[in-house]
Amino acid sequence: MASKTEEEISLDDLFDLTMKKKWNKVETAYKQYPSTCRAKLTKSEETALHLAISSYHSKLQKSDFEKQIEEMIKSIPEKDAFEILSMKNDQGDTPLHLAAAVGWPSICECIALRDRELISTRNLKEETPLFVAAYHGKLDCFLTLHHLYSKKSFQETDQQKQGQETHETLCRREDGLAYQIISHYPKLINSVNVEGESPLHVLARKPNVFRSITHFRFPDSIIYRCEKSSNQHNII
């Protein structure tokens, strides 16, 4: 006797499998019934793929789960890949936006390789997956998406659209990711926001960026004061 999945699968059944994280059965449904890929299962208008990616946790996930999600993505027919993978939830996020947000580089790559135009798709906040990766500090995802997108020229219109985004991202990132953004998109460091300020202007107003605001241990604070005093004398 054929199983329920082999015969058909209702939205309720698909939702139940998704909520129970029966990804092997969801994968089977994706492969056997292409219409399953388009099914929105929640009030937030999320597909099974949205929900699967949102459940990712880098420290808890098993390799077979990742393989099952990759197979779901690869099973989407070529002619329908962009349409299905650009499906958005009620926040305008595609599966690639979510993969970038949770920091899942292998899935970012798997999705983007189906159609690189997905990297420039924007959500309701006008954010691209590349920006989302930077905003959430997901360096591996940022570099993965940048590498795939860099084969396309970074047009002036893209620079103008992402000008404000770049300010926000660079001014939030005080680590290696900011350096990577500047390294890959050097022209953006000279762009200005609506107030006429560059990212460095904004960073200069954030005292927590500079060492003088750091909470030192007592011995370190003495060393810092001595160094500061020495520098002041040298300036004079």
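Just so we're clear, the structure is a prediction, and the values are computed from it rather than from any experiment.

## Considering the side chain of H50
Link 1 in the chain: Checked against the element boundaries, H50 lands in helix α4 (residues 48–54).
Link 2 in the chain: Within polar-contact distance, the side chain of H50 engages the side chain of T47 at 2.8 Å.
Link 3 in the chain: Within the local environment of H50, its side chain forms a polar contact with the backbone oxygen of M87, the two atoms lying 3.3 Å apart.
Link 4 in the chain: Excluding residues within four positions of it along the chain, H50 makes contact with M87, K88, N89, D93, T94, P95 and L98.

## What about the packing of helix α5 (residues 63–74) against helix α8 (residues 105–114)?
Link 1 in the chain: At a minimum axis distance of 10 Å, the contact between α5 and α8 shows a crossing angle of 10°. Here α8 runs roughly parallel to α5, going by the angle between their axes. Across from E66, I69, E70, I73 and K74 in α5, the residues of α8 making contact are S106, I107, C110, I111 and R114.
Link 2 in the chain: Tallied by class, the residues present in the contact of α5 with α8 amount to five nonpolar, one polar and four charged.

## Here's the deal with the pattern of salt bridges
Link 1 in the chain: Under the defined criterion, the tally for this structure stands at eight salt bridges.
Link 2 in the chain: When the shortest N-O distance is used, the salt bridge between K31 and E71 registers 3.5 Å. Of the two residues, K31 is situated in helix α3 (residues 23–32) and E71 in helix α5; the sequence distance between them amounts to 40 residues.
Link 3 in the chain: Given a relative accessible area of 24%, E71 falls into the partly exposed group.
Link 4 in the chain: Residue R38 pairs with E83 through a salt bridge whose shortest N-O separation is 3.3 Å. Remark: E83 occurs in helix α6 (residues 81–85) and R38 occurs in the loop between α3 and α4; sequence separation between them is 45 residues.

Cut-offs used in this document
Residues numbered from 1 in each chain as written. Predicted model: local features only at pLDDT ≥ 70, side-chain atom pairs only at ≥ 80, totals over all residues. Heavy atoms only, no water. Helix = DSSP H or I, 4+ residues; strand = E, 2+ residues; numbered from the N terminus. Polar contact = N/O pair within 3.5 Å; in protein donor to acceptor, adjacent residues only side chain to side chain. Contact = heavy atoms within 4.5 Å. Axes fitted to C-alpha atoms, helices over the stretch in contact; angles between N-to-C directions. Parallel < 35°, antiparallel > 145°, perpendicular 65-115°, else oblique. Nonpolar A, V, L, I, M, F, W, Y, C, P; charged D, E, K, R; others polar. Salt bridge = Lys/Arg side-chain N within 4 Å of Asp/Glu carboxyl O. Buried < 20%, exposed > 50% of the residue type's maximum accessible area, 1.4 Å probe, protein only.

Interpretation note: all reported values are geometric properties and have no functional meaning in isolation.
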